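Single-letter residue listing:
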Amino acid sequence: MSSQQSLRRRAALAGAAILAVTVMTVVDARQAKDPQAIVNAAFEKFRGLKEGKNADYIPALAKVDPNLFGIALVTVDGKVFTAGDIKTEVSIQSISKVFTMAQVIEEQGVESIENRIGVDATGARFNSIIAIEGVRRVVGTGAPEMNALVNPGAISATSMVTGASADAVWGKIIGIHNAFAGRELRVLQDVYKSESDSNQRNQAIGALMFAYGYIKTDWRQAVDLYTRQSSIGDNARDLGMMAATLAAAGRNPVTGKTVMNPAKVPGVLAVMATAGLYDDSGKWLYHTGLPAKSGVGGGLIAVSPGKFGIAVVSPPLDDAGNSVRAQRAIAEISNALGGNPLASAGR
Ligand code: GLN
(Lines give C-alpha, C1' and ligand atoms only; values in the text may rest on other atoms or scores of the structure.)
Protein backbone atom coordinates (compact mmCIF):
# COMPACT_ATOMS: atom_id res chain seq x y z
CA MET A 1 0.00 0.00 0.00
CA SER A 2 1.41 3.39 -0.96
CA SER A 3 1.66 5.94 1.77
CA GLN A 4 -1.03 7.98 -0.03
CA GLN A 5 -3.37 4.99 -0.16
CA SER A 6 -2.79 4.32 3.51
CA LEU A 7 -3.54 7.98 4.34
CA ARG A 8 -6.82 7.85 2.39
CA ARG A 9 -7.76 4.63 4.12
CA ARG A 10 -7.06 6.11 7.53
CA ALA A 11 -9.10 9.20 6.67
CA ALA A 12 -12.01 7.00 5.54
CA LEU A 13 -11.83 4.98 8.74
CA ALA A 14 -11.74 8.16 10.83
CA GLY A 15 -14.78 9.46 8.91
CA ALA A 16 -16.67 6.24 9.55
CA ALA A 17 -15.77 6.41 13.22
CA ILE A 18 -17.03 10.00 13.49
CA LEU A 19 -20.28 9.02 11.75
CA ALA A 20 -20.72 6.04 14.07
CA VAL A 21 -20.18 8.22 17.14
CA THR A 22 -22.66 10.80 15.83
CA VAL A 23 -25.31 8.15 15.14
CA MET A 24 -24.74 6.59 18.55
CA THR A 25 -25.06 9.98 20.25
CA VAL A 26 -28.40 10.63 18.58
CA VAL A 27 -29.66 7.16 19.50
CA ASP A 28 -28.32 7.56 23.04
CA ALA A 29 -30.04 10.93 23.47
CA ARG A 30 -33.30 9.32 22.46
CA GLN A 31 -32.74 6.32 24.70
CA ALA A 32 -31.43 8.43 27.57
CA LYS A 33 -34.74 10.31 27.44
CA ASP A 34 -33.63 13.74 28.61
CA PRO A 35 -36.17 14.41 31.41
CA GLN A 36 -35.82 18.20 31.21
CA ALA A 37 -36.62 18.18 27.49
CA ILE A 38 -39.63 15.94 28.12
CA VAL A 39 -40.91 18.18 30.93
CA ASN A 40 -40.43 21.31 28.78
CA ALA A 41 -42.22 19.71 25.82
CA ALA A 42 -45.24 18.75 27.97
CA PHE A 43 -45.36 22.24 29.46
CA GLU A 44 -45.44 23.82 25.99
CA LYS A 45 -47.95 21.30 24.71
CA PHE A 46 -50.52 21.84 27.47
CA ARG A 47 -50.04 25.46 28.54
CA GLY A 48 -52.73 26.60 26.09
CA LEU A 49 -55.25 23.94 27.13
CA LYS A 50 -58.27 25.77 28.47
CA GLU A 51 -60.59 22.92 29.49
CA GLY A 52 -61.94 22.60 33.04
CA LYS A 53 -62.98 25.02 35.74
CA ASN A 54 -61.66 25.99 39.18
CA ALA A 55 -63.52 24.44 42.12
CA ASP A 56 -65.95 27.03 43.49
CA TYR A 57 -67.80 25.21 46.28
CA ILE A 58 -64.98 26.54 48.48
CA PRO A 59 -65.18 30.26 47.58
CA ALA A 60 -61.42 30.92 48.02
CA LEU A 61 -60.55 28.34 45.35
CA ALA A 62 -62.56 30.15 42.69
CA LYS A 63 -60.24 33.15 43.08
CA VAL A 64 -57.00 31.28 42.26
CA ASP A 65 -55.47 32.17 38.86
CA PRO A 66 -56.62 29.45 36.42
CA ASN A 67 -53.52 30.03 34.27
CA LEU A 68 -51.19 28.92 37.06
CA PHE A 69 -49.27 25.93 35.67
CA GLY A 70 -46.19 24.31 37.16
CA ILE A 71 -44.54 20.91 36.76
CA ALA A 72 -41.96 19.30 39.05
CA LEU A 73 -40.36 15.92 38.40
CA VAL A 74 -38.09 14.60 41.15
CA THR A 75 -36.10 11.40 40.73
CA VAL A 76 -35.39 8.99 43.57
CA ASP A 77 -31.76 10.12 43.49
CA GLY A 78 -32.81 13.71 44.07
CA LYS A 79 -32.60 15.29 40.61
CA VAL A 80 -35.23 17.97 40.08
CA PHE A 81 -36.65 18.95 36.67
CA THR A 82 -39.22 21.72 36.52
CA ALA A 83 -41.19 23.92 34.15
CA GLY A 84 -43.55 26.85 34.67
CA ASP A 85 -44.56 28.28 38.05
CA ILE A 86 -43.15 26.09 40.79
CA LYS A 87 -43.27 28.79 43.47
CA THR A 88 -46.90 29.79 43.87
CA GLU A 89 -48.61 27.84 46.65
CA VAL A 90 -52.06 26.36 46.27
CA SER A 91 -54.00 24.56 48.98
CA ILE A 92 -53.10 20.89 49.04
CA GLN A 93 -56.74 19.80 49.57
CA SER A 94 -57.30 16.08 49.09
CA ILE A 95 -53.63 15.31 48.48
CA SER A 96 -53.24 15.79 52.25
CA LYS A 97 -55.36 12.65 52.73
CA VAL A 98 -52.40 10.56 51.55
CA PHE A 99 -50.07 11.89 54.22
CA THR A 100 -52.53 11.76 57.09
CA MET A 101 -53.28 8.16 56.11
CA ALA A 102 -49.50 7.58 56.02
CA GLN A 103 -49.24 8.99 59.56
CA VAL A 104 -51.90 6.56 60.83
CA ILE A 105 -50.27 3.62 59.03
CA GLU A 106 -46.86 4.61 60.38
CA GLU A 107 -48.19 4.88 63.94
CA GLN A 108 -50.69 2.05 64.03
CA GLY A 109 -49.78 -0.36 61.23
CA VAL A 110 -51.20 -1.15 57.80
CA GLU A 111 -54.12 -3.10 59.30
CA SER A 112 -55.39 -0.04 61.20
CA ILE A 113 -56.66 1.72 58.08
CA GLU A 114 -57.86 -1.51 56.49
CA ASN A 115 -59.86 -2.58 59.54
CA ARG A 116 -61.43 0.73 60.47
CA ILE A 117 -62.00 2.37 57.08
CA GLY A 118 -61.26 -0.16 54.36
CA VAL A 119 -59.09 -0.07 51.24
CA ASP A 120 -61.72 -0.39 48.55
CA ALA A 121 -63.02 2.00 45.94
CA THR A 122 -66.46 3.47 46.56
CA GLY A 123 -67.05 4.23 42.88
CA ALA A 124 -68.68 7.44 44.05
CA ARG A 125 -67.72 11.12 44.21
CA PHE A 126 -65.24 12.24 46.86
CA ASN A 127 -67.87 13.71 49.15
CA SER A 128 -70.64 11.19 48.51
CA ILE A 129 -73.01 10.57 51.40
CA ILE A 130 -74.71 7.69 49.57
CA ALA A 131 -71.34 5.89 49.67
CA ILE A 132 -71.45 6.05 53.46
CA GLU A 133 -74.83 4.35 53.49
CA GLY A 134 -73.46 1.65 51.17
CA VAL A 135 -70.58 1.01 53.56
CA ARG A 136 -72.88 0.93 56.54
CA ARG A 137 -74.49 -2.23 55.31
CA VAL A 138 -71.23 -4.10 55.80
CA VAL A 139 -70.26 -2.54 59.13
CA GLY A 140 -69.91 -5.34 61.64
CA THR A 141 -68.92 -7.85 58.98
CA GLY A 142 -65.29 -6.83 59.40
CA ALA A 143 -65.10 -5.65 55.82
CA PRO A 144 -65.71 -1.94 55.47
CA GLU A 145 -65.67 -0.95 51.79
CA MET A 146 -64.44 2.60 52.01
CA ASN A 147 -61.03 4.20 51.72
CA ALA A 148 -59.06 6.99 53.36
CA LEU A 149 -58.87 9.08 50.18
CA VAL A 150 -62.54 10.05 49.97
CA ASN A 151 -63.92 12.55 52.48
CA PRO A 152 -65.71 10.17 54.89
CA GLY A 153 -62.68 7.87 55.12
CA ALA A 154 -60.25 10.79 55.26
CA ILE A 155 -62.09 12.56 58.09
CA SER A 156 -62.11 9.22 59.91
CA ALA A 157 -58.36 8.79 59.29
CA THR A 158 -57.72 12.26 60.71
CA SER A 159 -59.71 11.24 63.80
CA MET A 160 -57.38 8.24 64.22
CA VAL A 161 -54.22 10.34 64.63
CA THR A 162 -53.53 10.18 68.36
CA GLY A 163 -52.76 13.14 70.62
CA ALA A 164 -53.79 14.56 73.97
CA SER A 165 -55.10 17.78 72.39
CA ALA A 166 -56.09 19.12 68.98
CA ASP A 167 -52.73 20.91 68.84
CA ALA A 168 -50.85 17.69 69.54
CA VAL A 169 -52.71 15.91 66.73
CA TRP A 170 -52.10 18.83 64.40
CA GLY A 171 -48.40 18.76 65.25
CA LYS A 172 -48.21 15.21 63.91
CA ILE A 173 -50.24 15.98 60.79
CA ILE A 174 -48.22 19.03 59.77
CA GLY A 175 -45.05 17.21 60.85
CA ILE A 176 -45.48 14.38 58.36
CA HIS A 177 -46.37 16.83 55.58
CA ASN A 178 -43.21 18.84 56.33
CA ALA A 179 -41.04 15.72 56.39
CA PHE A 180 -42.34 14.51 53.03
CA ALA A 181 -41.94 17.97 51.47
CA GLY A 182 -38.56 18.61 53.09
CA ARG A 183 -39.49 22.07 54.37
CA GLU A 184 -41.85 23.79 56.80
CA LEU A 185 -45.23 24.28 55.22
CA ARG A 186 -47.92 26.65 56.45
CA VAL A 187 -51.70 26.83 56.38
CA LEU A 188 -53.20 29.25 53.84
CA GLN A 189 -55.44 31.10 56.27
CA ASP A 190 -57.80 32.55 53.65
CA VAL A 191 -58.54 29.04 52.35
CA TYR A 192 -58.92 27.64 55.88
CA LYS A 193 -61.42 30.36 56.76
CA SER A 194 -63.31 30.05 53.50
CA GLU A 195 -63.53 26.24 53.77
CA SER A 196 -64.46 26.39 57.49
CA ASP A 197 -67.33 28.74 56.65
CA SER A 198 -68.63 26.50 53.87
CA ASN A 199 -67.90 22.92 55.04
CA GLN A 200 -71.37 21.99 56.31
CA ARG A 201 -71.40 18.95 54.04
CA ASN A 202 -68.16 17.66 55.57
CA GLN A 203 -69.62 18.30 59.03
CA ALA A 204 -72.60 16.14 58.08
CA ILE A 205 -70.18 13.46 56.86
CA GLY A 206 -68.20 13.66 60.13
CA ALA A 207 -71.37 13.35 62.20
CA LEU A 208 -72.52 10.33 60.18
CA MET A 209 -69.15 8.62 60.44
CA PHE A 210 -69.32 9.12 64.20
CA ALA A 211 -72.88 7.82 64.37
CA TYR A 212 -71.87 4.71 62.43
CA GLY A 213 -68.82 3.99 64.59
CA TYR A 214 -65.96 4.86 62.23
CA ILE A 215 -65.03 7.95 64.23
CA LYS A 216 -64.63 7.20 67.91
CA THR A 217 -63.43 10.60 69.12
CA ASP A 218 -64.76 14.17 68.81
CA TRP A 219 -66.00 14.35 65.19
CA ARG A 220 -66.08 18.16 65.22
CA GLN A 221 -62.37 18.23 66.01
CA ALA A 222 -61.71 15.69 63.25
CA VAL A 223 -63.57 17.83 60.68
CA ASP A 224 -61.75 20.97 61.80
CA LEU A 225 -58.30 19.33 61.58
CA TYR A 226 -59.23 17.82 58.23
CA THR A 227 -60.19 21.29 56.99
CA ARG A 228 -56.91 22.67 58.30
CA GLN A 229 -54.85 19.95 56.62
CA SER A 230 -56.72 20.64 53.35
CA SER A 231 -55.57 24.27 53.57
CA ILE A 232 -51.84 23.55 53.79
CA GLY A 233 -50.06 25.50 51.05
CA ASP A 234 -47.72 23.70 48.67
CA ASN A 235 -46.12 24.66 45.38
CA ALA A 236 -45.50 22.23 42.54
CA ARG A 237 -41.95 21.57 43.78
CA ASP A 238 -43.15 20.65 47.28
CA LEU A 239 -45.70 18.26 45.85
CA GLY A 240 -43.11 16.72 43.50
CA MET A 241 -40.85 16.19 46.49
CA MET A 242 -43.64 14.51 48.47
CA ALA A 243 -44.38 12.19 45.54
CA ALA A 244 -40.67 11.41 45.12
CA THR A 245 -40.40 10.50 48.81
CA LEU A 246 -43.09 7.88 48.24
CA ALA A 247 -41.28 6.73 45.06
CA ALA A 248 -38.08 6.36 47.11
CA ALA A 249 -39.77 4.06 49.66
CA GLY A 250 -40.23 6.73 52.31
CA ARG A 251 -36.85 8.47 52.07
CA ASN A 252 -36.90 12.12 51.04
CA PRO A 253 -34.41 12.08 48.15
CA VAL A 254 -33.23 15.65 48.78
CA THR A 255 -33.04 15.89 52.59
CA GLY A 256 -31.99 12.23 52.80
CA LYS A 257 -34.28 11.68 55.80
CA THR A 258 -36.30 8.51 56.14
CA VAL A 259 -39.78 9.80 56.88
CA MET A 260 -41.72 6.55 56.68
CA ASN A 261 -40.99 2.88 57.26
CA PRO A 262 -40.31 1.51 53.74
CA ALA A 263 -42.34 -1.63 54.46
CA LYS A 264 -45.43 0.54 54.97
CA VAL A 265 -45.21 2.60 51.77
CA PRO A 266 -46.76 0.00 49.40
CA GLY A 267 -50.03 0.10 51.36
CA VAL A 268 -50.24 3.86 50.85
CA LEU A 269 -49.50 3.49 47.13
CA ALA A 270 -52.13 0.75 46.78
CA VAL A 271 -54.89 3.00 48.11
CA MET A 272 -53.69 5.80 45.81
CA ALA A 273 -53.88 3.41 42.83
CA THR A 274 -57.38 2.32 43.86
CA ALA A 275 -58.92 5.64 44.75
CA GLY A 276 -56.52 8.55 44.16
CA LEU A 277 -58.59 10.12 41.40
CA TYR A 278 -61.96 9.19 42.95
CA ASP A 279 -64.38 7.63 40.52
CA ASP A 280 -61.93 8.22 37.64
CA SER A 281 -59.15 6.19 39.30
CA GLY A 282 -59.61 3.22 36.97
CA LYS A 283 -59.33 5.37 33.85
CA TRP A 284 -56.19 7.02 35.17
CA LEU A 285 -54.56 3.71 36.09
CA TYR A 286 -55.44 2.27 32.70
CA HIS A 287 -53.50 5.02 30.93
CA THR A 288 -50.55 5.50 33.31
CA GLY A 289 -50.29 2.65 35.82
CA LEU A 290 -49.32 5.24 38.43
CA PRO A 291 -50.55 5.55 42.02
CA ALA A 292 -51.64 9.17 42.21
CA LYS A 293 -53.69 11.67 44.19
CA SER A 294 -55.52 14.81 43.15
CA GLY A 295 -56.81 17.79 45.11
CA VAL A 296 -59.48 20.35 44.23
CA GLY A 297 -56.87 23.09 44.66
CA GLY A 298 -55.49 21.92 41.30
CA GLY A 299 -52.59 19.77 42.46
CA LEU A 300 -51.94 16.23 41.28
CA ILE A 301 -49.12 13.97 42.46
CA ALA A 302 -48.11 10.64 40.90
CA VAL A 303 -45.54 8.05 41.88
CA SER A 304 -43.43 5.77 39.71
CA PRO A 305 -42.02 3.50 42.44
CA GLY A 306 -38.23 3.29 42.42
CA LYS A 307 -38.01 5.89 39.66
CA PHE A 308 -39.59 9.28 40.28
CA GLY A 309 -42.35 11.37 41.76
CA ILE A 310 -44.07 14.03 39.73
CA ALA A 311 -46.50 16.82 40.50
CA VAL A 312 -48.41 19.39 38.51
CA VAL A 313 -50.34 22.37 39.78
CA SER A 314 -53.09 23.72 37.50
CA PRO A 315 -56.44 24.72 39.07
CA PRO A 316 -59.08 24.02 36.37
CA LEU A 317 -60.77 20.67 37.12
CA ASP A 318 -62.86 18.17 35.19
CA ASP A 319 -66.24 16.85 36.37
CA ALA A 320 -64.67 14.27 38.71
CA GLY A 321 -62.67 17.05 40.45
CA ASN A 322 -59.25 16.27 38.92
CA SER A 323 -56.99 18.89 37.29
CA VAL A 324 -57.30 18.64 33.51
CA ARG A 325 -53.84 19.91 32.57
CA ALA A 326 -52.19 17.98 35.39
CA GLN A 327 -53.61 14.67 34.22
CA ARG A 328 -52.57 15.30 30.62
CA ALA A 329 -49.06 16.55 31.47
CA ILE A 330 -48.24 13.79 33.97
CA ALA A 331 -49.49 11.01 31.69
CA GLU A 332 -47.44 12.41 28.80
CA ILE A 333 -44.23 12.82 30.83
CA SER A 334 -44.43 9.54 32.69
CA ASN A 335 -45.21 7.52 29.59
CA ALA A 336 -42.31 9.20 27.75
CA LEU A 337 -39.98 8.26 30.62
CA GLY A 338 -41.20 4.66 30.85
CA GLY A 339 -42.75 5.35 34.24
CA ASN A 340 -45.64 2.86 34.05
CA PRO A 341 -44.91 0.20 36.69
CA LEU A 342 -47.39 -2.18 35.05
CA ALA A 343 -45.34 -2.31 31.85
CA SER A 344 -42.96 -5.15 32.59
CA ALA A 345 -40.34 -4.03 30.08
CA GLY A 346 -40.24 -0.64 31.75
CA ARG A 347 -41.71 1.06 28.70
N1 GLN B 1 -61.10 19.80 51.49
C2 GLN B 1 -61.81 19.40 50.31
C3 GLN B 1 -63.19 18.90 50.66
O4 GLN B 1 -63.35 18.32 51.67
C5 GLN B 1 -61.01 18.37 49.59
C6 GLN B 1 -61.70 17.80 48.39
C7 GLN B 1 -60.78 17.41 47.28
O8 GLN B 1 -59.67 17.91 47.12
N9 GLN B 1 -61.29 16.57 46.44
O10 GLN B 1 -64.13 19.08 49.99
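Residues numbered from 1 in each chain as written. Predicted model: local features only at pLDDT ≥ 70, side-chain atom pairs only at ≥ 80, totals over all residues.

Visitor: Before we move on, could you go through the overall build of the chain and cite the residues and values that matter?
Guide: Helix and strand content of the chain: 15 helices and eight strands. Scored against the burial criterion, the 347 residues of the chain give a buried share of 50%. The long-range share in the chain, meaning contacts at least 24 apart out of those at least 6 apart in sequence, stands at 73%. (Helix = DSSP H or I, 4+ residues; strand = E, 2+ residues; numbered from the N terminus. Buried ≥ 20, exposed ≤ 12 C-beta atoms within 10 Å, placed from the backbone. Contact = placed C-beta atoms within 7 Å.)

Visitor: Which residues make up the site of the ligand, and what values do they have?
Guide: Close to the ligand lie Gln-93, Ser-94, Phe-126, Asn-127, Asn-151, Glu-195, Asn-202, Ser-230, Gly-295, Val-296 and Gly-321. Residue classes in the shell around the ligand are distributed as two nonpolar, eight polar and one charged. (Near = placed C-beta within 6 Å. Nonpolar A, V, L, I, M, F, W, Y, C, P; charged D, E, K, R; others polar.)

Visitor: Outline the sheet that holds strand E2 (residues 80-84), supporting the account with residue identities and numerical values.
Guide: Strands sit in the order E2-E1-E8-E7-E6 across an open sheet of five strands; the sheet is antiparallel. Looking at which strands have only one partner, the edges of the open sheet turn out to be E2 and strand E6 (292-294). When the angles between neighbouring strand axes are averaged without regard to direction, this sheet yields 10°. In the packing of helix H15 (residues 324-336) onto the sheet, the strands contacted are strand E1 (70-75), strand E7 (299-304) and strand E8 (308-313), and the crossing angle to E8 comes to about 150°. (Pairing = 2+ DSSP bridges. Axes fitted to C-alpha atoms, helices over the stretch in contact; angles between N-to-C directions.)

Visitor: For the nonpolar core, give the residues involved together with the corresponding values.
Guide: Residues Ile-71, Met-101, Ala-243, Val-268 and Ala-311 are the most contacted members of the largest nonpolar core, which totals 91 residues. Of the residues forming this core, the biggest block, eight residues, is contributed by helix H12 (residues 236-247). Core analysis: the second largest hydrophobic core is formed by nine residues, Leu-188, Val-296, Leu-317 and Val-324 among them. (Core = buried A, V, L, I, M, F, W, Y, C linked by C-beta atoms within 7 Å.)

Visitor: Could you give an account of the sheet that holds strand E5 (residues 232-234), naming the residues involved and the relevant values?
Guide: Strand pairing in a sheet relies on backbone hydrogen bonds. The paired strands run either parallel or antiparallel. Within the open sheet, the three strands sit side by side as E3-E5-E4. Their pairing is antiparallel. Lying at the two open borders of the sheet, with one neighbouring strand each, are strand E3 (90-91) and strand E4 (186-187). When E3 meets E5, the two strands line up antiparallel, connected through two bridges. Bridge assignment links Val-90 to a residue of E5, and that residue is Asp-234.

Visitor: Can you explain the pairing of E7? Please cite residues and give values.
Guide: The element E7 is largely enclosed, with a buried count of six among its six residues. Neither face of E7 is open: one carries Gly-299, Ile-301 and Val-303, the other Leu-300, Ala-302 and Ser-304, and all of them are buried. Both E6 and E7 contribute to a ladder of three bridges, which runs antiparallel. Its bridge partner being in E7, Lys-293 is matched across the sheet by Ile-301. What sits between the antiparallel neighbours E6 and E7 is a turn of four residues, in which Gly-298 has the positive phi angle 110°. Two strands pair when backbone bridges link them, and E7 and E8 are joined in this way by six bridges, in the antiparallel orientation.

Visitor: Hey, could you go over the packing of helix H8 (residues 166-181) against helix H11 (residues 219-230) for me, with residue numbers and the actual values?
Guide: Running from N to C, H8 and H11 point in directions that differ by 35°, and their axes come no closer than 11 Å. In this structure, the crossing between H8 and H11 has a hand that is right-handed. Each of Ala-166, Val-169, Trp-170 and Ile-173 in H8 lies in contact with H11, whose residues at this interface are Gln-221, Leu-225, Arg-228 and Gln-229. (Left-handed = near helix turned anticlockwise from the far one by under 90°.)

Visitor: Hey, could you go over unusual backbone geometry for me, with residue numbers and the actual values?
Guide: Glycine aside, the phi torsion of most residues is negative, and most peptide linkages are trans. With phi around 50°, Gln-93 is a residue other than glycine that occupies positive phi space. Within the chain, Tyr-278 stands out as a residue other than glycine whose phi angle is a positive 55°. Positionally, Tyr-278 belongs in the loop between helix H13 (265-275) and helix H14 (281-288).

Visitor: With reference to specific residues and values, describe H15.
Guide: When the terminal C-alpha atoms of H15 are compared, their 19 Å separation across 13 residues agrees well with the 18 Å that a helix rising 1.5 Å per residue should span. Taken together, the buried positions of H15 are Val-324, Arg-325, Ala-326, Gln-327, Ala-329, Ile-330, Ile-333 and Ser-334. On the buried face of H15, the contacting elements are helix H2 (35-46), E1, H14, E7 and E8. Just past H15, the residue Gly-338 takes up positive phi, approximately 70°. (Expected span 1.5 Å × (residues − 1).)

Visitor: So, the environment of Lys-264: which residues are in play, and what are the values?
Guide: With respect to the helices and strands, Lys-264 occurs in the loop between H12 and H13. The sequence separation of Lys-264 and Ala-102 amounts to 162 residues, and the corresponding C-alpha distance is 8.2 Å.

Visitor: Can you lay out the environment of Asp-238 for me, pointing to particular residues and giving the numbers?
Guide: Structurally, Asp-238 is set in helix H12. Judged by the 26 C-beta atoms lying within 10 Å of it, Asp-238 falls in the buried class. For the pair formed by Asp-238 and Ile-86, sequence separation is 152 residues and the distance between their alpha carbons is 8.5 Å. If near-sequence neighbours (up to four positions away) are discounted, Asp-238 is found in contact with Ala-181, Arg-183 and Leu-185.

Visitor: Pulling in residues and values, what's your account of the environment of Gly-339?
Guide: With respect to the secondary-structure elements, Gly-339 resides in the segment after H15. Between the C-alpha atoms of Gly-339 and Pro-305, which are 34 residues apart in sequence, the distance is 8.4 Å. Among residues more than four places away in sequence, those in contact with Gly-339 are Leu-290, Ser-304, Lys-307, Phe-308 and Ser-334.

Visitor: Quick one: what's the story with the pairing of E8, residue by residue and with numbers?
Guide: Counting buried positions along E8 gives six out of six residues, so the element sits mostly inside the fold. Here six bridges tie E1 to E8, and the two strands are oriented antiparallel to one another. For Gly-70, the partnering residue across the bridge sits in E8 and is Val-313. Counted along the chain from E7 to the antiparallel partner E8, the turn is three residues long, and its residue Gly-306 has a positive phi close to 80°.

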